[in-house]
Amino acid sequence: LRGPDERKAILLPGAQGLQGLRLIDTHLSTQGVSPSLVLDNLQHMASNDATQIIEALRSFQIVLLSQPGPQLGLLAGRFGLTPYTLQGWSIATIAEEAKEAGCFADPATCEELRTLTAGSPLFVRDVCKLAALSFGGDLAAANESVKARLHERTTYQDLVVGEVLGRLGRDAA
């Protein structure tokens with residue numbers, strides 16, 4: 001929605017949540033526009049909430065990103081979706097990334113990092129950068145530092161993000 005006047009013309013006073021989404025969807029469908037919406041970390045959302053959002057946005061192309069879990073099966077069944085599993089990087093690719101970042105690691109450390117991050121390139125890169133900047137390139141030490149706090153947070157990925165942000169300067173963070 002390009003400006004406040006267009007938003008005022010579409011969104012009724014007090015329209016919010018699902019009602020607001022439906023009004024936006026109706027307006028965009030009359031314009032012949034089919035925007036994309038990415039719902040990330042779906043595993044943290046109730047499947048009923050995701051269902052209501054998907055049903056409210058009929059003209060949208062929706063991409064759902066989620067860790068495996070029961071809500072994914074419910075949504076797949078409800079909307080006839082076929083989940084696509086991202087395989088992530090292999091230990092060879094992780095070792096290559098570690099080397100490019102100036103790190104050293106043995107195959108067991110690369111396998112452990114692959115398992116903990118599901119081979120997700122962004123998380124693997126973050127751990128490699130963390131190792132290079134704060135652990136003298138020792139990927140195993142960086143991995144152990146993050147794993148030591150694993151019980152404190154939901155996922156290894158959450159810990160990696162927290163660790164990276166914690167080591168950034170205030171302005172960069």
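The paragraphs below set out a description of the structure included in this document. (Residues numbered from 1 in each chain as written. Predicted model: local features only at pLDDT ≥ 70, side-chain atom pairs only at ≥ 80, totals over all residues. Heavy atoms only, no water.)

1. Let's talk about the overall build of the protein
Move 1: When its secondary structure is counted, the protein shows nine helices and two strands.
Move 2: Listing each helix as α and each strand as β along the protein from the N terminus yields α-α-β-α-β-α-α-α-α-α-α.
Move 3: Here the C-alpha atoms of the protein give a radius of gyration of 21 Å, more than 25% beyond the 16 Å that 2.2 N^0.38 yields for 173 residues.
Move 4: Out of the 173 residues belonging to the protein, those deemed buried represent 27%.
Move 5: Sequence separation of 24 or more characterises 59% of the internal contacts of the protein that already satisfy a separation of 6 or more.
Move 6: The distance from the centre of the 15 positive side-chain charges to the centre of the 19 negative ones in the protein is 7 Å. (Helix = DSSP H or I, 4+ residues; strand = E, 2+ residues; numbered from the N terminus. Rg over C-alpha atoms; globule rule 2.2 N^0.38 Å. Buried < 20%, exposed > 50% of the residue type's maximum accessible area, 1.4 Å probe, protein only. Contact = heavy atoms within 4.5 Å. Lys, Arg positive; Asp, Glu negative; His and termini not counted. Charge placed at Lys NZ, Arg CZ, Asp CG, Glu CD.)

2. Overview of the side chain of Asn143
Move 1: Looking at the element boundaries, Asn143 is found in helix α8 (residues 139–147).
Move 2: A polar side-chain atom of Asn143 sits 2.9 Å from a polar atom in the side chain of Glu112.
Move 3: Among all residues touching Asn143, those that are not within four sequence positions of it are Thr109, Glu112, Leu113, Leu116 and Tyr156. (Polar contact = N/O pair within 3.5 Å; in protein donor to acceptor, adjacent residues only side chain to side chain.)

3. Points about the pattern of salt bridges
A side chain with one charge may pair with a side chain of the opposite charge, provided their charged atoms come close.
Move 1: Taken as a whole and assessed by the stated rule, the structure comprises five salt bridges.
Move 2: Glu55 is paired through a salt bridge with Arg78; the nearest N and O atoms lie 2.1 Å apart. Note that Glu55 is positioned in helix α3 (residues 47–56) and Arg78 in helix α4 (residues 70–79), a separation of 23 residues in sequence.
Move 3: A relative accessible area of 52% means that Arg78 is categorised as exposed.
Move 4: Residues Glu111 and Arg114 are paired through a salt bridge, measuring 2.7 Å at the closest nitrogen-oxygen approach. With Glu111 and Arg114 both in helix α6 (residues 107–117), this residue pair falls three residues apart, about one helical turn.
Move 5: Taking relative accessible area as the criterion, Glu111 reaches 30% and is therefore assigned partly exposed.
Move 6: The structure contains a network of salt bridges with shared partners spanning Glu112, Glu144 and Lys147. (Salt bridge = Lys/Arg side-chain N within 4 Å of Asp/Glu carboxyl O.)

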